[in-house]
Amino acid sequence: MTELLKKVRVINPNLKSEEIADVLIADGKVAAIAPDISDIPADSTIQDCQGLILGTGLVDLYSHCSQPGFEQRETLSSMLQAASAGGFTRITILPDTSPVVDHPAMVTQLQQTPPPHAHSRKQEGELKLHPQVYVWGAISLDLAGKQLTELADLAAAGVVGFTDGQPWDNLGFVQRVLEYLQPWGKPVAFSPGDRLLSGHGVMREGVAALRFGLPPVPASAETTALAALLELVAATATPVHIMRVSTARSVELIATAKAGGLPITASTTWMHLLLDTTAIASYNTSLRLEPPLGNPSDVEALRGGVKNGVIDAIAIDHAPYTYEEKMQAFASSPPGAMGYELALPLLWQNLVETGKLTALELWGALSTHPAECLQQQPSTITTGAKAELILFDPQETWKVEPQNLYTLSSNTPWLGKQLQGRVVKVWHP
């Protein structure tokens, strides 16, 4: 099948380039890119793409998979469909399934997905397209942070790296992990947080927390754990990815560590870039996150961190829950929100259209840099390259309703809201 995209805006973060061009896609590869392409096969499909954006496929660093163990929230199939509909061509699953990904058999089970096919959202019926699935292996048995998994067996089974995906309690255990994994060369990720300092808090400490009467979480719950982790990285020289950065002080600590040559990368989540504590005035339980939403100064620092590269990547941290699980008091609800189908349009409208980030900066943080954090080759839009691409319409409007979503969950503060921007087509390699 040959497709010609006419006058499309090509965003190519791997090459740090942006242009209006014709793009010819044939047999799953980019066949040509030029200001004007007219010499094409007779049976080619031609699409006028003025106003549309062709970008590299998005890459998610970490998200929660509800299968096996929590299929009432979402199935692996619906998760993959949602990711594809949101423009993600690669996703990476956290190990907190049930049972936990602490055995090679679990890695195999999660990676046994149907083969990919191209799709357009305009087609009817269930999507048959699936992103490439990667799996984080658990560092500790049952994520308890006490006994190491058989890391060598998990590595042989093909895990992309290692994480427990949650704050740790034992720094001695973390140091042992870093020393053990140092020669392996696989990514290891930590989500910094001190549970004793967090206590029973559910909202970032500050004026808003006092006003809303919710138990606070001090910023130091994240930053003290991060500072300790950075000291261990300095001592072991083991490369580390820092997950879920949410405070201005954390951005400062990471900037200083990078300037000092520490082998670290960092990510924040898409919702931490869009919303701050003032949004919790609604008491919408889909705003109950871990770590909690930051104060306005935290959000500004995170956006600045993405812009200047201190924060390498934006993760989705997709976390589906049932209606019943989320329909309770804010402080009692489980933390997390769904996000695959909403992240790109909301980030584009709120950050790119407002001039806070350039198109290349946003796309790099969602595509090229997450791949690099996972030690993968980023996709690119060059002649001869595999077509790992998405076509995005920044002007298409749609309403966030269950019937318009591929995910089975609807735990999002944007439920019922009108959004602008939607992925209209995906090409998977």
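Residues numbered from 1 in each chain as written. Predicted model: local features only at pLDDT ≥ 70, side-chain atom pairs only at ≥ 80, totals over all residues. Heavy atoms only, no water.

Draft legend 1. Main features of the overall build of the protein chain. A count of helical and extended segments in the protein chain gives 13 helices and 18 strands. Taken against the 2.2 N^0.38 rule, which gives 22 Å for 429 residues, the C-alpha radius of gyration of the protein chain at 21 Å falls within 12% of a compact globule. With the C-alpha coordinates aligned to their principal axes, the bounding extent of the protein chain is approximately 65 × 50 × 45 Å. Considering the protein chain as a whole, with its 429 residues, one finds that 58% of them fall into the buried category. In the protein chain, 74% of the contacts between residues at least 6 apart in sequence involve partners at least 24 apart. When the accessible surface of the protein chain is split by element, carbon and sulfur atoms take 52% of a total near 16,700 Å². Counting 29 positive and 43 negative side-chain charges, the protein chain places the averaged centre of each group 3 Å from the other. (Helix = DSSP H or I, 4+ residues; strand = E, 2+ residues; numbered from the N terminus. Rg over C-alpha atoms; globule rule 2.2 N^0.38 Å. Buried < 20%, exposed > 50% of the residue type's maximum accessible area, 1.4 Å probe, protein only. Contact = heavy atoms within 4.5 Å. Areas by Shrake-Rupley, 256 points an atom, 1.4 Å probe, with all protein chains shown as cover. Lys, Arg positive; Asp, Glu negative; His and termini not counted. Charge placed at Lys NZ, Arg CZ, Asp CG, Glu CD.)

Draft legend 2. Expanded view of the confidence of the model for the protein chain. Confidence in the prediction of the protein chain, expressed as mean pLDDT, is 94, and 96% of residues score 70 or more. Under a pLDDT of 50 for its full length, residues 115-126 has, in the predicted model, 24 contacts with residues more than four places off or in other chains. (pLDDT = per-residue confidence, 0-100.)

Draft legend 3. Just the packing of aromatic side chains, in detail. Applying the stated criterion to the full structure yields 9 aromatic pairs. Aromatic side chains phenylalanine 212 and tyrosine 283 sit 6.0 Å apart centroid to centroid with 65° between the ring planes, which places their arrangement in the edge-to-face category. Taken together, the residues span a long stretch of sequence, with phenylalanine 212 in helix 6 (residues 207-212) and tyrosine 283 in the loop between helix 9 (270-274) and helix 10 (296-308) at a distance of 71 residues. Classification of tyrosine 283 as partly exposed rests on a relative accessible area of 38%. Residues tryptophan 348 and tryptophan 363 carry aromatic rings whose centres are separated by 6.2 Å and whose planes lie at 80° to one another, so their mutual orientation is edge-to-face. Note that tryptophan 348 is positioned in helix 12 (residues 343-352) and tryptophan 363 in helix 13 (residues 359-373), a separation of 15 residues in sequence. Chaining the aromatic ring pairs together yields one cluster made of Phe162, Tyr180 and Trp184. Directly above the aromatic system of phenylalanine 70 lies the positively charged group of arginine 73, at a separation of 4.3 Å from the ring centroid. The side chain of arginine 422 reaches across the aromatic face of tryptophan 398, ending 3.9 Å from its centre. (Phe/Tyr/Trp six-rings, centres within 6.5 Å; stacked < 30°, edge-to-face > 60°. Lys NZ or Arg CZ within 6 Å of the ring centre and 35° of its normal.)

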